[in-house]
Amino acid sequence: MQLPSQQVAVLEAASADEATSVDALAAATDLPPETVTGAVFELEDEGLVAVSERVDETVTLTDEGVEYAGDALPEVRLYEAALEAGADEESTQMGQVIGTSGLEGPQVDIALSNYARKGYGTIDSGEITADPDADPAADAEADALAALADAGETPVDAVDIDSDTVDQLERRGLVDRHESTVREVTLTERAVTELMAGIETSETVGQVTPELLTSGEWDDVEFADYNVEADAERFDGGKVHILRQTAERVKDTLVGMGFQEMDGPHVDADFWINDCLFMPQDHPARTHWDRFALEQPTHIDDLPEDLVDRVERAHKEGVGPDGEGYHSPWDEDFARALALRGHTTSLSTRYLSGEEVGDLEPPQRYFSVEKVYRNDTLDPTHLLEFFQIEGWVMAEDLSVRDLMGTFEEFYSQFGIEDIQFKPHYNPYTEPSFELFGTHPTTGELVEIGNSGIFREEMLEPLGVECDVMAWGLALERLLMLMYGFEDIRDIHGTLCDLELLRETEVTY
């Protein structure tokens, strides 16, 4: 019997009494594992070997996991700092506790997102409490990190760690799971018989070369068979994030409805973000607890003086014969303070005032799908930064019916037909209402946006003399209704589920 040299080498290294892995055969024959794998499949086709397969799963710590294994999880450090600050007796300012904890950058967000989940205490309105009965020493995730740090790369079934804990650590990016297919080879009786009789080595060529072609030797050599069924290593290519895909689809939908896109700065003056919206300067949402101010630079230099005067007058005195205003202090220096925008309505005020594209004559339709920033408590439906679908229509004699009809048309493009409306209060719109949709998995109502007709106190200083209806919708909440996500942190941020994003199909 004649066989290629690689197959002969594999047969001579394998055993009929016990299974030998491909890696072991590669080491014994000094052949690459992929060459051995190809030879094994060819020998299996000849009935000379039997091949068995199993999938081994190993888990290892990421660099971040190694860091926390040696220096405690961020939520544990936050809890210890809260105890030192006396938060187990009465609520304490969260900023103070974070400052003493030594947490910085992304670690702060990680600590806040896991603190309440693990029962270490509560976080509400900038205040933090610590549960005196919580026991960081019994933290399953911390124990798992310590065990894996000692074990190195370990088979999952060889460590005494709950599978849910491993899943959670993987979602947090603290461990990596690796799956590998292990093939083991055993000689058949026929192979033993052929080996005893003696197997000759035949020379085969695995690749056509220019030399073979020009010399004509290709016509006389024996070419090795190519196994088209052999497994290949999996490579995950890059793809556009599902959030970005949906954002682009939203833009296409609104352009198809006759809207133009707005653009503007992520960092802007409080004047454009809040004052032009007739938002009083003592409103709770304008405190340092709800906004991200800039350390450098702190203020904007250039604001249109006439508009500043008109906005100040509207705040102090109101608009029209029955206008009241707020009768509260209005500070231009406060209006010039810079912050990350908490909503993209700052773009709307810039466009409506004529600051961006000049004076606009009705009818006009504008939108944006841009990121906004709020100092919210992290939970399944809230993040510190997210995407807002801003939009407004300028026209004569607009009504709530027009606004509701716009939403019904927009959301129907995404297969959402059960929008519900609830009256609401905004300083800058009247009437106002919130939008809700039914979550396809839980059946619960999910708030998906806020809307209304801009008030005269807002429009008159901007120089707008007709009706404007407007809205701010949440892009991430739209994804929840479209795909059934229950936690937006699965698709956004440090806890993002990469496998979910790879496998989720885009719906049209």
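Quick caveat, the model's predicted, so the values are computed rather than measured.

**Student:** Explain a negative patch on the surface to me, and be specific about the residues and the numbers.
**Tutor:** On the surface, Glu44, Asp45, Glu46, Glu222, Asp225 and Glu229 cluster together into a patch of negative charge. With respect to the secondary-structure elements, Asp45 resides in helix H3 (residues 33-45).

**Student:** Any details on the sheet that holds strand E5 (residues 123-124)? Residues and values, ideally.
**Tutor:** Reading across from one edge, E4-E6-E5 is the order of the three strands in this open sheet, with antiparallel pairing throughout. Whereas interior strands pair on both sides, the edge strands pair on one side only; in this sheet they are strand E4 (92-93) and E5. One ladder, built from two bridges, connects E4 with strand E6 (residues 127-128); its direction is antiparallel. The residue bridging Thr92 from the neighbouring strand is Ile128, located in E6.

**Student:** Tell me about the nonpolar core, and please be specific about residues and values.
**Tutor:** Ranked by internal contacts, the top residues of the largest apolar core, which has 43 residues, are Val250, Ile389, Tyr411, Leu475 and Leu478. Of all the elements in the fold, those that place two or more residues in this core are helix H12 (242-256), strand E16 (364-373), strand E17 (385-395), helix H17 (400-412), strand E19 (429-438), strand E20 (445-454), strand E21 (467-474) and helix H19 (475-483). Once residues lying within four places of it in the same chain are set aside, the contact partners of Val250 are Val369, Ile389, Phe410, Phe414, Leu475 and Leu478.

**Student:** Kindly report on the environment of Asp402, identifying the contributing residues and their values.
**Tutor:** Following the sequence through the fold, Asp402 ends up in helix H17. On a C-alpha basis, the gap between Asp402 and Leu61 in space is 55 Å, while along the polypeptide they are 341 residues apart. Among all residues touching Asp402, those that are not within four sequence positions of it are Asp397 and Met469. Within polar-contact distance, the side chain of Asp402 engages the backbone nitrogen of Ser399 at 2.8 Å.

**Student:** Account for a nonpolar patch on the surface, with residues named and values stated.
**Tutor:** Where nonpolar side chains cluster on the molecular surface, the patch consists of Val208, Leu213, Trp218 and Phe223 and spans about 380 Å² of accessible area. Structurally, the position occupied by Trp218 is in the loop between helix H11 (210-215) and strand E11 (222-223). Classification of Trp218 by relative accessible area gives partly exposed; the value is 41%.

**Student:** Give me the pattern of salt bridges: which residues, what numbers.
**Tutor:** Inspection of the entire model under this criterion finds 26 salt bridges. With a closest N to O distance of 3.1 Å, Arg54 and Asp56 form a salt bridge. The exposure class of Arg54 is partly exposed, given its relative accessible area of 39%. Residue Asp56 is classed as partly exposed on the basis of its relative accessible area of 26%. Of the charged contacts in the structure, one is a salt bridge between Arg177 and Glu57, with a shortest N-O distance of 3.7 Å.

**Student:** Mind laying out the side chain of Arg183, listing which residues take part and the relevant values?
**Tutor:** Its place among the elements puts Arg183 in strand E8 (residues 175-187). Taking relative accessible area as the criterion, Arg183 reaches 11% and is therefore assigned buried.

**Student:** With reference to specific residues and values, describe the sheet that holds strand E14 (residues 292-293).
**Tutor:** One open sheet holds the three strands; their spatial order is E13-E15-E14, and the pairing between them is antiparallel. Two strands bound the open sheet, and with one partner strand each, they are strand E13 (267-269) and E14. The pairing of E14 with strand E15 (residues 338-340) spans two bridges and is classified as antiparallel. Residue pairing across strands places Ala293 opposite Ala339, the latter belonging to E15.

**Student:** So, the packing of helix H8 (residues 140-151) against helix H9 (residues 163-171): which residues are in play, and what are the values?
**Tutor:** For the pair H8 and H9, interaxial distance at closest approach is 10 Å and the crossing angle is 85 degrees. On the basis of their axis angle, the class for H8 and H9 is roughly perpendicular. Facing Ala140, Glu141, Ala144 and Leu145 of H8, the residues of H9 in contact are Thr165, Gln168 and Leu169. Grouping the amino acids of the contact of H8 with H9 by side-chain chemistry returns four nonpolar, two polar and one charged.

**Student:** An account of the side chain of Thr62 is needed here, citing residue identities and associated values.
**Tutor:** You can see Thr62 is positioned in the loop between strand E3 (49-61) and helix H4 (63-71). There is a polar contact of 2.8 Å between the side chain of Thr62 and the backbone oxygen of Gly173.

**Student:** Lay out the pairing of E20 with the relevant residues and their values.
**Tutor:** For E20, a buried count of eight out of ten residues is recorded, marking the element as mostly surrounded by other parts of the structure. Pairing geometry for E19 and E20, over eight bridges, is antiparallel. Across the sheet, the residue bridging to Thr429 is Phe454, located in E20. In this antiparallel pair of consecutive strands, E19 and E20, the connection spans six residues, and Gly443 shows a positive phi of 75 degrees. One ladder, built from five bridges, connects E20 with E21; its direction is antiparallel. Across the sheet, Ser451 pairs through a bridge with Trp471, a residue of E21.

**Student:** Help me get a handle on helix H14 (residues 305-317), residues and values and all.
**Tutor:** Spanning 13 residues, H14 covers 18 Å between terminal C-alpha atoms, matching the ideal 18 Å at 1.5 Å per step. Residues of H14 that are buried include every one of Leu307, Val308, Val311, Glu312, Ala314 and His315, and no others. Down the axis of H14, the sector holding all buried residues measures 160 degrees, keeping them to one side. Exposed residues on H14 whose side chains face more than 90 degrees from its buried face are Glu305, Asp306 and Glu317. The inward-facing, buried residues of H14 contact helix H13 (270-273), helix H15 (332-335) and helix H18 (456-462). Gly318 sits one or two positions beyond H14 and adopts a positive phi of about 85 degrees.

Quick notes on the rules
Residues numbered from 1 in each chain as written. Predicted model: local features only at pLDDT ≥ 70, side-chain atom pairs only at ≥ 80, totals over all residues. Heavy atoms only, no water. Patch = residues over 30% accessible without salt bridge, like charges linked within 9 Å, V, L, I, M, F, W, Y side chains within 5 Å. Areas by Shrake-Rupley, 256 points an atom, 1.4 Å probe, with all protein chains shown as cover. Salt bridge = Lys/Arg side-chain N within 4 Å of Asp/Glu carboxyl O. Lys, Arg positive; Asp, Glu negative; His and termini not counted. Charge placed at Lys NZ, Arg CZ, Asp CG, Glu CD. Helix = DSSP H or I, 4+ residues; strand = E, 2+ residues; numbered from the N terminus. Pairing = 2+ DSSP bridges. Core = buried A, V, L, I, M, F, W, Y, C linked by side-chain atoms within 4.5 Å. Buried < 20%, exposed > 50% of the residue type's maximum accessible area, 1.4 Å probe, protein only. Contact = heavy atoms within 4.5 Å. Polar contact = N/O pair within 3.5 Å; in protein donor to acceptor, adjacent residues only side chain to side chain. Axes fitted to C-alpha atoms, helices over the stretch in contact; angles between N-to-C directions. Parallel < 35°, antiparallel > 145°, perpendicular 65-115°, else oblique. Nonpolar A, V, L, I, M, F, W, Y, C, P; charged D, E, K, R; others polar. Expected span 1.5 Å × (residues − 1). Arc of directions from axis to C-beta.

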